[in-house]
Amino acid sequence: MKDNTDRQDAICRIFRTRRRKALKLAGCQASCNTILISNPFDVEYLTGFNGGDSYLLIGQDVVTLVTDSRYTEQAGSQCGPDVQIFTRKSPMSKAVALALKGSGTRRLGIQSLHATVALAESLQELLGKKAVIPLKPFIYQLRMIKDDAELVLMRKAYRIAVESFCELVGRGASYWLGRTELQIAAELDYLMVSAGATKPAFDTIVAAGEAASMPHHATSARKIRPGQGILLDFGARYRGYCSDLTRVVFVGKIPPRISRFYETVYAAQQAAIDAIRPGVKACRVDAVARGIIADAGYGENFLHSLGHGLGLEVHEMPTLSALSSAVLRKGMVVTVEPAIYLPRVGGVRIEDDVEITASGARLLGAAGRKNMDDMILQ
């Protein structure tokens, strides 16, 4: 019993620290003494609550989750004892104003990228025009750096995805042949949930043959045939946190044109991972991978950035792209996903999730099969 209590206390301390840092960042941006968090992923990051239609108020003397009766019980079980639950019976703006009564709030900061114009105008009518301050994004600065508790969950999400994929590959070519992209995607989703995932982190992509030339192919009823390459983009969500991987497998044999550039993509990914370390610019890592692909003659066929941040959302900051000004820091988790796409032929993308350490980078777990010959379904 004591161990469980100690664990709960430790979790509460983590959330209190996050909220304190969030309020400090907001205060540095504008002279507001209370902030309203409307982005649901930020609410979850700051409280542990993952229900919907709920906003969080944070101030020097207020930590209040404004929700409705559908989520009151859930909020009470997921939030720590230091979070007051305010069950609203009125529109959100009025409920926020009521929850703030007696809190000493002079100026309320709101999330400009998430709060609607209607909410802002309504709050200004209730609290005064000068009392509501739109804030530029700031919580992403906290969410970019994962703490130990987050890394544990992300490693589990990665392991679930990799092991589920390996089980599906292990069934061999006879299992895959004749099945549709949708059937393979559904089976992979089932395996991930059976292995402990809450759900897939996003809609699983399965792209067979020439369909793999489209980075975000819409998984369809296309049947898998002998001699095809099949691209799978998948991830698991585990206790809120995501993994994101991409693999290409081959049915029986590797199409000759694909075999020419598979190893190029593999080499580009490894070079990029080797280039990652604290203090390196994100655009530099992108350039390393892009240079290898360009030198092989496929520069115009790498259609997107090298990667992105990962956490509660599949796409977070920072981005690994030519346009990124971000500097990598210890504790960030990013995807590294170089690719080559040839229209009417197919494509190869190899993606893994990488944790930035004090001295470099490491995968979140065992990567599964990636060498080209290992990806042939027997």
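Remember, predicted model here, so these are calculated numbers, not experimental data.

Rules behind the numbers
- All residue numbers here refer to positions counted from 1 along the written sequence of the relevant chain.
- Only residues with pLDDT of at least 70 get local features here, since the model is predicted, and only at 80 or more are side-chain atom pairs given and counted; chain-wide, interface and lining totals rely on the full set of residues.
- Only hydrogens and water are set aside; all other atoms, that is, all heavy atoms of the structure, feed into the side-chain values.
- Helix and strand definitions follow DSSP, with helices as H or I runs of at least four residues and strands as E runs of at least two, each counted in order from the N terminus.
- Every residue pair with non-hydrogen atoms within 4.5 Å of one another is taken to be in contact.
- Stacked, edge-to-face and tilted labels apply to pairs of Phe, Tyr and Trp rings (six-membered ring for Trp) whose centres lie within 6.5 Å, assigned for plane angles under 30 degrees, over 60, and everything in between, in that order.
- A ring has a charge above it when a Lys NZ or an Arg CZ is no more than 6 Å from the ring centre and no more than 35 degrees off the ring normal.
- Think of it in three bands: residues with accessible area under 20% of the maximum for their type are buried, residues over 50% are exposed, and the middle band is partly exposed, with areas taken using a 1.4 Å probe on protein chains only.
- For two strands to be treated as a pair, DSSP must find at least two bridges joining them.
- Identification of polar contacts relies on pairs of N or O atoms within 3.5 Å, with a donor-acceptor requirement for protein atoms, meaning one able to donate a hydrogen and the other able to accept it, and with residues adjacent in sequence counted only if both atoms are side-chain atoms.
- Where helices are involved, their axes are fitted lines through C-alpha atoms of the stretch in contact, as for all axes, and angles between N-to-C directions lie from 0 to 180°.
- The salt bridge definition used is simple: a Lys or Arg side-chain nitrogen within 4 Å of an Asp or Glu carboxyl oxygen.
- Each angle is binned into one of four classes, with values under 35 degrees roughly parallel, values over 145 roughly antiparallel, values of 65 to 115 roughly perpendicular, and all other values oblique.
- Handedness of a crossing is defined here by the sense of rotation of the near helix relative to the far one, left-handed for an anticlockwise turn of less than a right angle and right-handed for a clockwise turn.
- Throughout, the ten residues Ala, Val, Leu, Ile, Met, Phe, Trp, Tyr, Cys and Pro are labelled nonpolar, Asp, Glu, Lys and Arg are labelled charged, and all others, Gly among them, are labelled polar.

(A) Main features of the side chain of Asn301. For Asn301, the location among the structural elements is in the loop between α11 (282-295) and β13 (307-309). The contact partners of Asn301, leaving out residues within four places of it in the chain, are Ala339, Ile340, Tyr341, Leu342 and Pro343.

(B) Structural context of the packing of aromatic side chains. What the rule picks out here adds up to 4 aromatic pairs. A ring pair is formed by Phe49 and Tyr71, whose centres lie 6.1 Å apart and whose planes are at 85°; its orientation type is edge-to-face. Residue Phe49 is found in the loop between α2 (40-47) and β2 (55-59), and its partner Tyr71 is found in the loop between β3 (63-67) and α3 (72-78); the two are separated by 22 residues along the sequence. Looking at Arg18, its charged tip hangs above the ring of Tyr45, at a distance of 4.3 Å from the centre. Over the aromatic face of Tyr175 sits the side chain of Arg171, whose NZ or CZ is 4.9 Å from the ring centroid.

(C) Spotlight on the pairing of strand β15 (residues 333-336). Both faces of β15 are covered, namely the face carrying Val333 and Thr335 and the face carrying Val334 and Val336. Looking at chain direction, β15 and strand β18 (residues 352-356) are connected through 4 bridges and run antiparallel. For Val336, the partnering residue across the bridge sits in β18 and is Asp352.

(D) The pairing of β18, seen in detail. Where burial is concerned, most of β18 is hidden: 5 out of the 5 residues are buried. Neither face of β18 is exposed, since Asp352, Val354 and Ile356 on one face and Asp353 and Glu355 on the opposite face are all buried. Sheet analysis places β18 next to strand β19 (residues 361-363), joined by 3 bridges and oriented antiparallel. Looking across to β19, one finds that Ile356 is bridged to Ala361. Counting the residues between successive antiparallel strands, the hairpin from β18 to β19 contains 4 residues.

(E) Spatial organisation of the side chain of Asn33. If you trace the backbone, Asn33 turns up in the loop between α1 (2-29) and β1 (34-37). A polar contact of 3.0 Å, which involves the side chain of Asn33, links it to the backbone oxygen of Gly104. Ignoring anything within four residues of it in the chain, the contact list for Asn33 reads Leu23, Ile58, Gly59, Gln60, Gly104, Thr105, Arg106 and Arg107.

(F) Local environment of the sheet that holds strand β5 (residues 108-111). Strand order in the open sheet made by the 6 strands is β4-β3-β2-β1-β5-β6, with mixed pairing throughout. The two strands at the open ends of the sheet, each matched to only one other strand, are β4 (84-87) and β6 (132-135). When strand polarity is set aside, the average angle formed by the axes of neighbouring strands in this sheet is 25°. The sheet contact formed by β3 and β4 spans 4 bridges and is parallel.

(G) Up close: the pattern of salt bridges. This structure, assessed with the given rule, holds 20 salt bridges. Across the pair Arg171 and Glu167 runs a salt bridge, and its minimum N-O distance is 3.6 Å. Among the residues examined, Glu167 registers a relative accessible area of 43% and is labelled partly exposed. Where Arg171 meets Glu187, a salt bridge forms, and the shortest distance between an N and an O atom there is 2.8 Å. Of the two residues, Arg171 sits in the loop between α7 (148-169) and α8 (173-176) while Glu187 sits in helix α9 (residues 181-194), which places them 16 residues apart along the sequence. Overall, the relative accessible area of 29% leaves Arg171 in the partly exposed class. Shared partners join several salt bridges into a network, and the residues in it are Asp42, Arg143, Lys146, Glu313 and Glu316.

(H) Main features of the packing of helix α4 (residues 92-100) against helix α5 (residues 117-127). The contact between α4 and α5 brings their axes to 9 Å, and the two run at 40°. When the interaxial angle is binned, α4 and α5 end up oblique. In this structure, the crossing between α4 and α5 has a hand that is right-handed. Residues Ser93, Lys94, Val96, Ala97 and Leu100 of α4 pack against Leu119, Ser122, Leu123, Leu126 and Leu127 of α5. Grouping the amino acids of the contact of α4 with α5 by side-chain chemistry returns 7 nonpolar, 2 polar and 1 charged.

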